[in-house]
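Summary of structural features
Each chain, letter by letter, is given below.
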Amino acid sequence: MIDQTFRAESPFIDTDLPRVQGEDAYRAIAQAESPFLNEYEAAFDDESPDATADALAEIYSELYDEEFEEATQDLVDELTEVAPALWNSELSDPRHLAQTEYVLREALSPIQSAAEAYLDEAETRLSAVDERSLSPERAFEIMNEVEPSLAVSNPVFEQFLGKLIKKVKKVAKGAVKLAKKGVTALASPLLKPLLAKLKSFVKPLLERVLQFALNKIPAQYRPLAQKLASKLQGKVASALGAAKSGDSARSAATNQQTLSEPDVSALGGSEPSDADSALADEPAAPELGDVQEELDQQLLELLVTRDSEFMFESSEDAVRYEFEDHPGVDVERARQKFVRELDEHIERGDSAAPALENFLPAVLMAVRTGIKLIGRPKVVSFLGGLLAKLIAPLIGKHAAPALGQMIADVGLRTVIQAEVGPHEQRTSLTNAVAATVEETARNLAQLPERVFESPELFELYAMEAFDHAAAANFPSQLLKPDVREFEGAGTWLSLPLHGRKLYKKFSRVFDVAIPPEVAASLPTFGGSSLAGFLRDRLRLPHGDAIAARVHLFEAIPNTRLSLIARAEKLRGLSGRGAWAKFHPLTPKAASVLLRAPKLGRELPGGADPLRPTLGQRYYYLEIPDAPLRALGADSKLHVTANLAKGEVRICAHLSEALAQKASEMLRKGAAPSAIVRELRSALGPNARALTSGKAGKKLRIIVGPRGLVSLPGLGGKLQKSLRGSLRQTLASTAIEWFWLALSQNLAANAQAFIAASEGPEDGVRVCVSFSNVPSLSGLKSAIVKGTLLNVAWPPKQMPAANVTLHAGAKHG
Amino acid sequence: MADSRIALRAQLERQVAHWCVAASALSDLTQFASNAAWLGLEQYLGATLRGSLSQSILRLERQAGLVRAQLHAAESAAELRQLQLAIVRLRRHYLAVEAILDFYGDAINTRTNPKLNAYLSACDKLACASMKAVLGPLGQQAPPVLTYVDKGLGASILKAGLMLWDGRSKSSVAAIKIVRHNLQRPTSLLHEAGHQIAHIVGFTEELAEALRTELGEYDHEVAALWAGWASEVAADAFAFAHSGYASVAALHDVLSADRSSVLNVQALDPHPASYLRVLLGREMCRTFFGAGPWDAMARAWLELFPLSAAPSSTVDVLRASTPLLTEVVEVVFRARYKAFKGRSLVEILDPERVKPDSLFELERRAGKALFVSSHWIERECLRLLALSGYRIATEPERARELASEQENWMLRLGEQAKAA
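The text that follows walks through the structure, step by step, so that each part is easy to find. Everything numeric in this text was worked out from a predicted model, so none of it was measured.

A count of helical and extended segments in chain A gives 30 helices and 13 strands. Per-residue burial over chain A gives 58% buried out of 812 residues. The long-range share in chain A, meaning contacts at least 24 apart out of those at least 6 apart in sequence, stands at 80%. When the accessible surface of chain A is summed, it comes to about 31,600 Å², and 51% of that surface belongs to carbon and sulfur atoms.

As structure tokens, this is what we get:
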């Protein structure tokens, strides 16, 4: 039985919470200056058309490759396999760290050699032609003729090298394009010096990947937009700002550096302290997307500064970093120390406040918004005192053993499937307390600053945050019914049990049968549905209920889904791309799969499995009948609108199952409308994600060089909302046109679709592009300015469409 | 006396040490099949097999440890003499485990190159899929399959769940031998997998009883013979239900031997007389598909092997059985069995799916993608086998082209199976 001195405010049953009294009102302090730029600040207000910026923006946009990030993630996972000790210890021993770095660098060296050899060969071949008469396409062709050659047989290395070289080819093509447009001098040789410079990018890039694998980030890390503002020349900056301003794929990384402040309109509302949304954009680990983002910007910069205007002494200097541990590593160290101190506290029976005073700053330092609280020592001190009182009954000398046993019985024992000794029991308790404190502090850091001004208000939110955190770390039996996430035996555990904590797992695994209609109703990453995942990637028969075991996970500092896959060793979670088999545990998913909606967390728009965010929850389906590895690619839908050029392009990848279904219907003479209806139904979740602002990288809107100007009287939020609405309107129209154009194409040339589906490639890629789209300039103006639309949209008639069909999932 | 005891102990100690070392050495499974061959197996199959073989070796090592302990404990000459028997038992156990490891090692080593490895992985997949199609609806798990290639005329199976040579270990996978000449016509896989299905659900015993009862109304002696052939009849039925005429034609080509063999009936042979077996296959085709090339096949068969050429000892049985073939097909396919949870075989595995018209319809639906699309190959691998087999049986002039097509889609299936 738990200490009877607990009081009613605690989330724990039969607990008695000591009240916090007599605190002075906080001293008002100046708002901390955010080091981050707003999403749209990087844009320019230059209203004049600018061909250079247009051209650069176009190249920049083309350089982006969604699969590059996946290839980088796979490479990082491969490095983790090369040095498995990487995640089993803290690498605190410098010699061990140095050894590991050496091993990884050696492992990566074949990629460097192959990339450099490729560039040498391409340089030789291009030297043999007169570059004055070289078209961008021909340059691309010549570079395509060079075959990269890796000294080792490794599909992951090959994939990464392929993606890197693809980028290099695009840069070369872009250089010729710029020269032809007169943006840069049409010098001969043009490409030779460029390729020579590109060679110097390879090593730093691989070093960046290596350090990423070691969970390190560049020292003195600053948001890209800020760095660019100080470093880049006008035209490049303009192009970047323009290209990024409407491009959700490009702005994904910078968006996450944007400081947003939730609005608290009324007390008692759950918004500010609700973990569902508060940590929605707080990355759990270094972000892979940055690697590509930075590389692309550096490459773009290289295009216009090849000659005499170099900002840097050498290209390599421009891309070289000093690295330091990701903040998550510091939190882990601080947590381990805090757990040890809690353990000692249980023995001694004194206050945990000193330990909290050390721990809280480390937690707050690791979240972007933590600076708001760290800048208010009085608030932190108040929080420390409050938390010390809240956790005191849990770690009392008498209550701790019983609590530890209960937590271990519900959690630890189910994981290790063995009896748990007193030491492990106590560790279970101290870990749960530490996690509760950590999550409480992290959630509080998301609150708007004015909450910190009022001790009463802050206490209220602190209590609420503690309730949430306790519910996410203690078994239900210990919690009051209204706080519980789950009715039954089960609790969240920080894992692995020994060494660096990488994720949390719910101790209970659920056996479920998932009917097809339920799978169809559950969204997963990339705008797809669970049904789409089961059909396209696992190729499970459609129409059958799927028997599965559901494993639940939560992201904490240092979490990457590939690390969970590696640590869990569950059937189907081995090998490359295992991270793509996790799905977001939304309240709906938790409700229909587990009948426990509170176990779910809302899925933020554009959520990305490669960028877990703190507190986000995931599930993995262990399916006995499923193949161990994914057999095919997802069906996808992308919309790219280049408003500057008046172009809209929609590309769909129809998975092999869908492509064969469509071909089968065509052979049977089905009406195109019936086929499109079938495809629309299958891609419905993807389309809904695009038109509801949850498309992430799948919706790209390039607005051109003109900036985003605030209009008097319109607040930022309203502008953002209007822009969002306009983007969705555009996406909605584009998708409607896509289906209409596809239907017309199938009616006119069914055989072309059938032919595209008849090869061994995985599915069919359908791209529909529309040029000279009427009213697009009006739409652009409205999106740029965040105003209401003052042109007729959509146009009365669909513009002329150009439909292309390609076999396979890969981009051409 | 003491000297002789010392001498005896020394001999025993040397032998025990020898067998202990030998037993430990077995644990390196790459002695029996190369590491690459092990890695070439589909992950689940490899893990299952390694696990069960390691258990066999562990049991042997435990016995070796026990004998060593007994030797240490033995004091009297009588106890030492007794130990000699324990060493003999240990040696016998060692040889049995070695035989197990040799068998599986040889089987795995037949995957001599990546191409054959992929091809045999496809065979694993086909056999497994054929079992899942029956066992799945019955709530039973299909065991992993290890196909290996060997010389000879006919296929065979070492069923999963059977006791192995050491008398202690059970086979964890279904090991199916496919003969080299039939690699491009592997419907015999389905026959062998049928044996495994029948073993798991207990179909053979029920079918034997049903044949004895139903045919007994016509002729008790013939009924008893057919009851004894139940296991092979059941396996033929599964192969037919999965691949239609392809399996019948392939069986015909294997059984087509000299008259004395074809018209022979051997007591205690679980296989029906070849003469009757081919005609039974034709009867299955006629019952479910109507008229077709199987009729010409049967006419030629009867011409080649007239009953007038049968030895007097078998002619009566063959003559009495021939008109009962329709009844046999009815009993096998349409009677309901506890093994099938009260359903008939046709309700679980309808041969209608592999009727030539159904196969041609599949070909029309999928077009050229049928043999190259991973979707169709994965989803319809059994019917692809039926279709390829049908074409090979009916279009011998395209034999080489069809064999190549068959090989290509099988290789794709094998690559997919390994990736999965």
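A separate point is the packing of helix α5 (residues 114-135) of chain B against helix α19 (residues 381-394) of chain B. To describe two helices that pack against each other, one gives the angle between their axes and the distance between the axes. Residue and element names in this part refer to chain B. Interaxial distance between α5 and α19 falls to 9 Å at its minimum, and their mutual angle equals 110°. Taken together, the axes of α5 and α19 lie roughly perpendicular to each other. Between α5 and α19, the contacting residues are L126, A129 and S130 on the first element and C381, L382 and L385 on the second. Tallied by class, residues from the contact of α5 with α19 come to 5 nonpolar, 1 polar and no charged.

What follows concerns the side chain of B:S274. Mapped onto the elements, B:S274 comes out in helix α12 (residues 274-289). Excluding its chain neighbours within four sequence positions, the residues that come into contact with B:S274 are B:L255, B:S261, B:V262 and B:W301.

Moving on, we get to the pairing of strand β3 (residues 174-179) of chain B. Residue and element names in this part refer to chain B. Most of β3 is tucked away, with 6 of its 6 residues classed as buried. The side-chain alternation of β3 yields two buried faces, one formed by A174, I176 and I178 and the other by A175, K177 and V179. As defined by bridge partners, strand β1 (residues 145-150) adjoins β3 across 6 bridges and the pair is classed as parallel. If you follow L146 over to β3, its bridge partner there is A175.

A few words on the interface of chain A and chain B. On the chain B side, the residues contacting the 16 residues of chain A number 20 residues. Carbon and sulfur atoms supply 51% of the area that chain A and chain B bury against each other, a total of about 1,600 Å² over both sides. On the chain A side of the contact with chain B, A:L628, A:E664 and A:E758 bury the most area, a combined 29% of that side's loss. Our count for the chain A to chain B interface comes out at 1 salt bridge. Between B:R365 and A:E664 there is a salt bridge, with the nearest N and O atoms lying 2.3 Å from each other. The interface formed by chain A and chain B holds 8 residue pairs in polar contact (both at pLDDT 80 or more) in total. If one sorts the elements of the side of chain A that touches chain B by residue count, helix α25 (residues 656-667) of chain A sits on top with 5 residues. Within the side of chain A that touches chain B, the residues separate by chemical class into 5 nonpolar, 4 polar and 7 charged.

Taken as a whole, this structure holds 33 aromatic pairs over all chains when the rule is applied. Look at A:F486 and A:F510: their rings are 5.5 Å apart centre to centre, the planes differ by 85°, and that puts the pair in the edge-to-face class. Taken as a pair, A:F486 in the loop between α20 (455-471) and β3 (492-495) and A:F510 in strand β5 (residues 510-514) lie far apart in primary sequence, 24 residues in all. In this pair, the class of A:F486 matches that of A:F510, namely buried. Ring centres of B:F238 and B:F340 lie 6.5 Å apart, and the angle between their planes is 85°; this geometry places the pair in the edge-to-face category. Separated by 102 residues along the polypeptide, B:F238 in helix α9 (residues 230-243) and B:F340 in the loop between β4 (336-337) and β5 (343-344) bring together distant segments of the chain. Each of the two residues, B:F238 as well as B:F340, counts as buried. Aromatic ring contacts, followed pair by pair, group B:F240, B:Y245, B:F288, B:F289, B:W294, B:F333, B:F360 and B:Y390 into a single cluster. One Lys or Arg, A:K167, reaches over the ring of A:F68 and ends 4.8 Å from the middle of that ring. One cation-aromatic arrangement involves B:R50 over B:W38; the distance from NZ or CZ to the ring centre is 4.7 Å.

Quick notes on the rules
Residues numbered from 1 in each chain as written. Chains lettered and ligands numbered in written order. Predicted model: local features only at pLDDT ≥ 70, side-chain atom pairs only at ≥ 80, totals over all residues. Heavy atoms only, no water. Helix = DSSP H or I, 4+ residues; strand = E, 2+ residues; numbered from the N terminus. Buried < 20%, exposed > 50% of the residue type's maximum accessible area, 1.4 Å probe, protein only. Contact = heavy atoms within 4.5 Å. Areas by Shrake-Rupley, 256 points an atom, 1.4 Å probe, with all protein chains shown as cover. Axes fitted to C-alpha atoms, helices over the stretch in contact; angles between N-to-C directions. Parallel < 35°, antiparallel > 145°, perpendicular 65-115°, else oblique. Nonpolar A, V, L, I, M, F, W, Y, C, P; charged D, E, K, R; others polar. Pairing = 2+ DSSP bridges. Buried area = accessible area lost by both parts, 1.4 Å probe. Salt bridge = Lys/Arg side-chain N within 4 Å of Asp/Glu carboxyl O. Polar contact = N/O pair within 3.5 Å; in protein donor to acceptor, adjacent residues only side chain to side chain. Phe/Tyr/Trp six-rings, centres within 6.5 Å; stacked < 30°, edge-to-face > 60°. Lys NZ or Arg CZ within 6 Å of the ring centre and 35° of its normal.

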